[in-house]
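Read off the chains here:
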Amino acid sequence: ANEAYDRTFATAIVTMPAETYGLSQELKVELPVSTLVVPVHIQIKVQSAPSVLRALPADRRHPALSLPADLLLVPAGPATYEPKAEHPCVALLTPGGVKLLYANSVYNGDLTWQEAVHEFFGQQHRELAQAAIRAIQEHGSRHGDGALVTIEIVGSV
């Protein structure tokens, strides 16, 4: 088989934060997808009691990809999406939102993906940002340049 056409089956998780979409609670939609990227889904569980943050492979039948809700709700076009020459390498999924990051800093607002992770989590969650970066480096290197590493934060942030 031609590797350019090999596909991986995964689950797309589309998160719609309550405050953004005027909902009474956050809504998550899971859809089956076929993709050319290698999805790697890692969960970091946040406990209320102080503990060491551990990044572990998600306990799912199919790997998951995180997608912004706008991909489903906003018609695609030149005014809504900037075309990119590469696919994202990281997807951050938290109870409050989703962020896609790219190896090329141009697509991250001139930030490296590591800097963008820190910006996404903010100063108050530096340990969480560091745990996410370690997990991305560890699991991303195992799967090469074609991987999309999804870091899902489970628990309240």
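A brief structural summary. Keep in mind the model is a prediction, meaning the values are calculated, not measured.

Some remarks on the overall build of the chain
- In terms of helices and strands, the chain carries four helices and eight strands.
- For the chain, the computed accessible surface area is about 9,400 Å², with 53% contributed by carbon and sulfur atoms.

Quick notes on helix 4 (residues 126-143)
- Its 18 residues place the ends of helix 4 26 Å apart at the C-alpha level, agreeing with the 26 Å of an ideal helix rising 1.5 Å per residue.
- Turning to helix 4, its buried residues number three or more, namely Leu128, Ala129, Ala131, Ala132, Ile133, Ala135, Ile136, His139 and Gly140.

Observations concerning helix 3 (residues 113-121)
- Within helix 3, the full set of buried residues consists of Trp113, Ala116, Val117 and Phe121. Taken around the axis of helix 3, the buried residues stretch over an arc of 125 degrees, which confines them to a single face.
- Tucked into the core, helix 3 has its buried residues touching strand 6 (90-94), strand 7 (97-101), helix 4 and strand 8 (147-154).
- Looking at the residues trailing helix 3, positive phi occurs at Gly122, about 80 degrees.

So, the packing of aromatic side chains
- Throughout the structure, instances matching the rule amount to two aromatic pairs.
- For the ring pair Tyr102 and Tyr107, a centre distance of 5.4 Å and an interplane angle of 65 degrees mean the geometry is edge-to-face.
- Overall, Tyr102 belongs to the buried group, its relative accessible area being 8%.
- Ring centres 5.2 Å apart and planes at 80 degrees place the aromatic pair Phe120 and Phe121 in the edge-to-face group.
- Take Phe121: its relative accessible area is 4%, and that puts it in the buried class.

Points about the pairing of strand 7
- Judged from the five bridges that link them, strand 6 and strand 7 form a sheet pairing that is antiparallel. In the sheet register, Leu92 faces strand 7, and the bridge partner there is Lys99.
- From the end of strand 6 to the start of strand 7, which pair antiparallel, there are two residues.

Re the nonpolar core
- Formed by 22 residues in total, the largest nonpolar core has its most connected members in Val117, Phe121 and Ile151.
- Listing elements by their share of this core, those giving two or more residues are strand 3 (38-45), strand 6, helix 3, helix 4 and strand 8.
- In terms of residue count, helix 4 provides more of this core than any other element does, seven residues in total.
- Beyond its immediate chain neighbours, meaning those up to four positions away, Val117 contacts Leu92, Leu101, Ala129, Ala132, Ile133 and Ile136.

Cut-offs applied
- Residues numbered from 1 in each chain as written.
- Predicted model: local features only at pLDDT ≥ 70, side-chain atom pairs only at ≥ 80, totals over all residues.
- Heavy atoms only, no water.
- Helix = DSSP H or I, 4+ residues; strand = E, 2+ residues; numbered from the N terminus.
- Areas by Shrake-Rupley, 256 points an atom, 1.4 Å probe, with all protein chains shown as cover.
- Expected span 1.5 Å × (residues − 1).
- Buried < 20%, exposed > 50% of the residue type's maximum accessible area, 1.4 Å probe, protein only.
- Arc of directions from axis to C-beta.
- Contact = heavy atoms within 4.5 Å.
- Phe/Tyr/Trp six-rings, centres within 6.5 Å; stacked < 30°, edge-to-face > 60°.
- Pairing = 2+ DSSP bridges.
- Core = buried A, V, L, I, M, F, W, Y, C linked by side-chain atoms within 4.5 Å.

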